[in-house]
Amino acid sequence: MLEGVAETMLVTVYLRAVDARSSTPILGDPYAVGLVDRLASDGHSFTKYALGRGNAPVIAARGRRLDAWTRGFLDAHPDGQVLHLGCGLDSRPLRVHRPAGSRWVDVDQAEVIALRRELYDLPPEIVTIPASVTDPGWWDEVEPALPTILVAEGLLMYLPDVEVHALVDRARERLTAGVELAFDGFAPWVITLTRWSRYLQSSGIRLASPLEDLTAGRPGARTLADLSVVGELAHGSAPGPLLRAVFGGLDVVPFMDDAFRLVHLELAA
């Protein structure tokens with residue numbers, strides 16, 4: 001049984017399945033539905049996640065935007081490399097078109113990679129590495145001379161900021177042909193709120209680093225995009241006028257607008 005941070009991937013898969021089963025999906029991940037059904041038939045209960053079904057649009061909008069940034073990178077660098085960090089059970093390498101000359105690397109803890117290999121029929125060209133993203137050893141399997149994007153969805157906020165900065169610095173030191181980083185993060189008040197949420201605690205969610213800690217002190221980093229997830233939903237991602245109106249109302253509240261953000265950086269060598 002997966003526990004702690006590894007279990008949070010099941011929350012994400014469940015919410016993506018909720019989105020995919022809706023009449024107007026945002027991400028529409030068909031693989032999430034199949035995984036939830038298979039895991040449920042094997043005896044895993046998703047009942048404890050049901051209270052958070054309302055978060056499905058947020059999770060779906062996050063996934064769609066990070067998919068778009070990944071596609072944009074591969075369009076610009078068809079010979080580039082994607083480092084899919086903390087990949088969990090994300091179907092991103094199946095959703096995103098991979099040019100023939102590109103390289104895709106999935107990295108996650110050993111038990112997660114084992115489950116990923118069992119549940120997904122991944123193409124043989126997808127490299128899967130069973131390791132913690134904070135372990136420097138897995139970098140030996142990375143091609144240093146390829147343009148590279150690090151995609152870290154639902155990951156960095158779980159790591160202490162010192163480990164995040166070490167990961168970023170390692171990428172800058174080892175990769176010589178340009179590096180981008182796409183990730184999500186929370187405002188400090190959200191980190192505090194999660195410590196009082198029974199739903200989040202029961203789901204194994206323990207957040208460590210707010211967005212400010214994740215982006216602070218990175219000399220030479222250039223911001224390519226910095227978007228509010230609430231704003232994404234308010235201005236187009238949310239299906240239907242009612243949901244757009246709800247998120248539109250939240251979008252004008254400063255602390256809500258900044259609660260959950262998506263960031264795309266270019267890292268200088």
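Structure: above.
Presented here is a report on the structure given in the accompanying data block. (Residues numbered from 1 in each chain as written. Predicted model: local features only at pLDDT ≥ 70, side-chain atom pairs only at ≥ 80, totals over all residues. Heavy atoms only, no water.)

Right, let's get into the overall build of the protein. Helix and strand counts for the protein stand at 12 helices and seven strands. By residue count, 54% of the 269 residues in the protein fall in the buried class. For the protein, contacts bridging at least 24 residues in sequence account for 73% of all contacts bridging at least 6. When the accessible surface of the protein is totalled, it reaches about 11,700 Å², and 56% of it is carbon and sulfur. (Helix = DSSP H or I, 4+ residues; strand = E, 2+ residues; numbered from the N terminus. Buried < 20%, exposed > 50% of the residue type's maximum accessible area, 1.4 Å probe, protein only. Contact = heavy atoms within 4.5 Å. Areas by Shrake-Rupley, 256 points an atom, 1.4 Å probe, with all protein chains shown as cover.)

Attention now goes to the nonpolar core. One finds Leu 10, Phe 46, Leu 89, Val 229 and Leu 233 to be the most contacted residues of the largest nonpolar core, which totals 53 residues. Among the elements of the structure, α1 (8-21), α2 (30-41), α3 (56-76), α5 (110-119), β4 (148-152), β5 (179-186), α10 (229-237) and β7 (260-267) are those that each provide at least two residues to this core. Ranked by residue count, the leading element in this core is α3, at nine residues. Not counting residues within four places of it along the chain, the set of residues in contact with Leu 10 comprises Leu 39, His 44, Phe 46, Tyr 49 and Leu 89. Listed in part, the 26 residues of the second largest apolar core include Val 107, Trp 138, Val 164 and Val 168. (Core = buried A, V, L, I, M, F, W, Y, C linked by side-chain atoms within 4.5 Å.)

Okay, the side chain of Ser 228 next. Following the sequence through the fold, Ser 228 ends up in strand β6 (residues 222-228). Note on Ser 228: relative accessible area 7%, which makes it buried. Looking at Ser 228, its side chain comes within polar contact range of the main-chain nitrogen of Val 230, at 3.2 Å. Within the structure, Ser 228 has its side chain in polar contact with the backbone nitrogen of Gly 231 (distance 3.1 Å). Setting aside residues up to four positions removed in sequence, Ser 228 forms contacts with Asp 251, Asp 257, Phe 260 and Arg 261. (Polar contact = N/O pair within 3.5 Å; in protein donor to acceptor, adjacent residues only side chain to side chain.)

The next point concerns the sheet that holds strand β2 (residues 103-108). Hydrogen bonds between backbone atoms are what pair the strands of a sheet, whose relative direction is either parallel or antiparallel. Spatially, β3-β2-β1-β4-β5-β7-β6 is the arrangement adopted by the seven strands of the open sheet, whose pairing is mixed. Each edge of the open sheet carries a strand with a single partner, namely β3 (126-130) and β6. Adjacent strand axes in the sheet meet at a mean angle of 15°, parallel and antiparallel pairs treated alike. Of the pairings in the sheet, the one linking β5 to β7 comprises eight bridges and is antiparallel in character. Its bridge partner being in β7, Phe 186 is matched across the sheet by Phe 260. (Pairing = 2+ DSSP bridges. Axes fitted to C-alpha atoms, helices over the stretch in contact; angles between N-to-C directions.)

This part takes up the side chain of Glu 232. Tracing the chain through its elements places Glu 232 in helix α10. Within the structure, the side chain of Glu 232 is placed 3.0 Å from the side chain of Arg 65, a separation counted as a polar contact.

With that settled, consider the packing of aromatic side chains. In total, this model carries five aromatic pairs according to the counting rule given. Ring centres of Phe 46 and Tyr 49 lie 5.8 Å apart, and the angle between their planes is 65°; on these two criteria the pair is classed as edge-to-face. Looking at Tyr 49, the relative accessible area reads 0%, which means it is buried. What links up through ring pairs into an aromatic cluster is the set Tyr 14, Phe 46 and Tyr 49. (Phe/Tyr/Trp six-rings, centres within 6.5 Å; stacked < 30°, edge-to-face > 60°.)

With that settled, the discussion passes to the packing of α1 against α3. When two helices pack together, their arrangement is given by the angle between the helix axes and the distance between those axes. In the contact formed by α1 and α3, the axes pass within 8 Å of each other and the chain directions differ by 95°. As the angle between them shows, α1 and α3 are arranged roughly perpendicular. In this structure, α1 uses Thr 12, Leu 15, Arg 16, Val 18 and Asp 19 to contact α3, whose residues at the interface are Ala 56, Ile 59, Ala 60, Arg 62 and Gly 63. Considering only residue class, the contact of α1 with α3 consists of five nonpolar, two polar and three charged. (Parallel < 35°, antiparallel > 145°, perpendicular 65-115°, else oblique. Nonpolar A, V, L, I, M, F, W, Y, C, P; charged D, E, K, R; others polar.)

Let us look at the environment of Leu 39. Looking at the secondary structure, you find Leu 39 in helix α2. Here the alpha-carbon distance between Leu 39 and Leu 119, two residues 80 residues apart in the chain, equals 9.1 Å.

Nothing here speaks to function; it is geometry throughout.
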